Amino acid sequence: MQLLMTPNKLTCIIDDDTVYVNLVKKLIQLKKLCDNILVFKNGREALEFFKDSESLPDLILLDINMPIMNGWEFLEQFNPINRGLQNRPSLYVVSSSIDPVDFKKAKSIECVRDYISKPISMESFEQIFSIA
């Protein structure tokens, strides 16, 4: 099945794994899925940027296990910000954790659209961008 994708203006990757980040950036650029990519190594960097920004990304790919501020801590602070927005970003938790507790916890958080296990398949990747 061929998915019709319109490019997002801005995608944000919050992840400390440079190999994963570089791979995702390359895929986004090769498939021309968005105009700009923001990368943050932890949740705190992303929150500080979002607080000073006039608009949020169309799509956020969030890792759980990061130093300084992990994905769960980020979501605790981001969820109230997100509630007040008219145009909310599509937020996906993307993690190497296969723990069912992590999956269930992520799915219970209002602003999380889905939980995806790393490595992301091309099919999952294209699906994320088709509905973001």
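See above for the structure.
Structural notes, computed from the coordinates. Note that the coordinates shown come from a computational prediction; the quantities given were computed from them, not determined experimentally.

## Regarding the packing of aromatic side chains
Move 1: What the rule picks out here adds up to 7 aromatic pairs.
Move 2: Where Phe40 meets Phe50, the ring centres are 6.1 Å apart and the plane angle is 80°; that geometry is what we call edge-to-face. Here the residue Phe40 occupies a position in strand 2 (residues 34-40), and Phe50 occupies one in helix 2 (residues 43-52), the gap between them amounting to 10 residues.
Move 3: Judged by centre distance (6.0 Å) and plane angle (55°), the rings of Phe50 and Phe78 are tilted. Residue Phe50 is located in helix 2, and its partner Phe78 is located in helix 3 (residues 71-83); the two are separated by 28 residues in the primary sequence.
Move 4: Classification of Phe50 by relative accessible area gives buried; the value is 5%.
Move 5: Among the residues examined, Phe78 registers a relative accessible area of 1% and is labelled buried.
Move 6: Put simply, the rings of Phe40, Phe49, Phe50, Phe74 and Phe78 touch in pairs and so form one group of aromatic residues.
Move 7: Just above the ring of Trp72 sits the side chain of Lys105; from NZ or CZ to the centre is 4.5 Å.
Move 8: One cation-aromatic arrangement involves Lys118 over Tyr20; the distance from NZ or CZ to the ring centre is 4.1 Å.

What counts and how
- Residues numbered from 1 in each chain as written.
- Predicted model: local features only at pLDDT ≥ 70, side-chain atom pairs only at ≥ 80, totals over all residues.
- Heavy atoms only, no water.
- Phe/Tyr/Trp six-rings, centres within 6.5 Å; stacked < 30°, edge-to-face > 60°.
- Helix = DSSP H or I, 4+ residues; strand = E, 2+ residues; numbered from the N terminus.
- Buried < 20%, exposed > 50% of the residue type's maximum accessible area, 1.4 Å probe, protein only.
- Lys NZ or Arg CZ within 6 Å of the ring centre and 35° of its normal.

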